Amino acid sequence: MPRNERFSTTNHSSQFFKPHGRIDSQVVGDIFVQEGTGPFNKEIFSAMRSVHACAKEQLPSDGPWYGLFIFKNSALAPQEMLDDFCEYLKDQKRMNRASQATALVLSESVEAAALMKPLYLRVWRKAGIPCEAFTGEQEARAWLESLSLGSRNKDSSQVE
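Predicted model, so just to flag it, every value in this text is computed and none were measured. (Residues numbered from 1 in each chain as written. Predicted model: local features only at pLDDT ≥ 70, side-chain atom pairs only at ≥ 80, totals over all residues. Heavy atoms only, no water.)

**Things to note about the nonpolar core**
Counting 29 residues, the largest nonpolar core has Phe71, Leu104 and Tyr120 as the members making the most contacts within it. Looking at this core, the elements that each hand over two or more residues are helix H1 (42-55), strand E4 (66-72), helix H2 (79-94), helix H3 (113-126) and strand E6 (131-134). Not counting chain neighbours up to four residues away, the residues in contact with Leu104 comprise Phe69, Phe71, Tyr120, Leu121, Trp124, Cys131, Glu132, Ala133 and Phe134. Counting residues in hydrophobic clusters, the runner-up holds 11 residues, among them Tyr66, Ile70, Phe134 and Ala140. (Core = buried A, V, L, I, M, F, W, Y, C linked by side-chain atoms within 4.5 Å. Buried < 20%, exposed > 50% of the residue type's maximum accessible area, 1.4 Å probe, protein only. Helix = DSSP H or I, 4+ residues; strand = E, 2+ residues; numbered from the N terminus. Contact = heavy atoms within 4.5 Å.)

**A short note on the pattern of salt bridges**
Counted according to the given criterion, the structure contains 8 salt bridges. One salt bridge in this structure joins Lys90 and Glu87, with 3.5 Å as the shortest N-O distance. Of this pair, Lys90 and Glu87 both sit in helix H2, 3 residues apart, roughly one helical turn. Residue classification places Lys90 among the partly exposed positions, given a relative accessible area of 22%. (Salt bridge = Lys/Arg side-chain N within 4 Å of Asp/Glu carboxyl O.)

**Observations concerning the side chain of Ser148**
Topologically, Ser148 is positioned in helix H4 (residues 137-159). At a separation of 3.3 Å, a polar atom in the side chain of Ser148 contacts the side chain of Asp30. If sequence neighbours within four positions are ignored, Ser148 has contacts with Asp30 and Tyr66. (Polar contact = N/O pair within 3.5 Å; in protein donor to acceptor, adjacent residues only side chain to side chain.)

**Describing the pairing of strand E5 (residues 102-105)**
A two-sided burial pattern is seen for E5, the buried positions comprising Thr102 and Leu104 on one face and Ala103 and Val105 on the other. Across 4 bridges, E4 lies against E5 in parallel orientation. Note on E5: the bridge partner recorded for Gly67 is Thr102. Regarding topology, H2 serves as the crossover connection from E4 to the parallel E5, and that connection is right-handed. Bridging between E5 and E6 involves 4 bridges; their strand directions are parallel. Bridge pairing in E6 links Thr102 to Cys131. Crossover E5 to E6 through H3 is right-handed. (Pairing = 2+ DSSP bridges. Right-handed = clockwise from strand over helix to strand, strands pointing away.)

Below, the structure written as structure tokens:
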């Protein structure tokens, strides 16, 4: 499978109700990049789980990885989807398949960004995954890079 392949929830067929929203995923180095175009419904979560299974196969097997979730158009999602997503992240954390940390990009142009920001932060943090929200992608990537460098420095000091 080629690196940097894009995975999308639009390629997931649903048996019952069509997912609202779209989540495109791609692995770039040690960052699992997701672009979510909302609003979302509960069914998008099932599609996302299926697509993530394929995308996560491209993550580095020899070290930590980080998440970057970029919201577009709207961040609206029902509480039921957020609850299911939190349980999914808890399971991933328990199985050591979760990101070391995740940065959320919620620009001011995204519908309901201010309303949904604390709810999304709570989902990741309740699952035990460090998470911060930013209004721009550069800030988010800089935060993730600082964590990645800190992890590498910590690993190299333990080897000595």
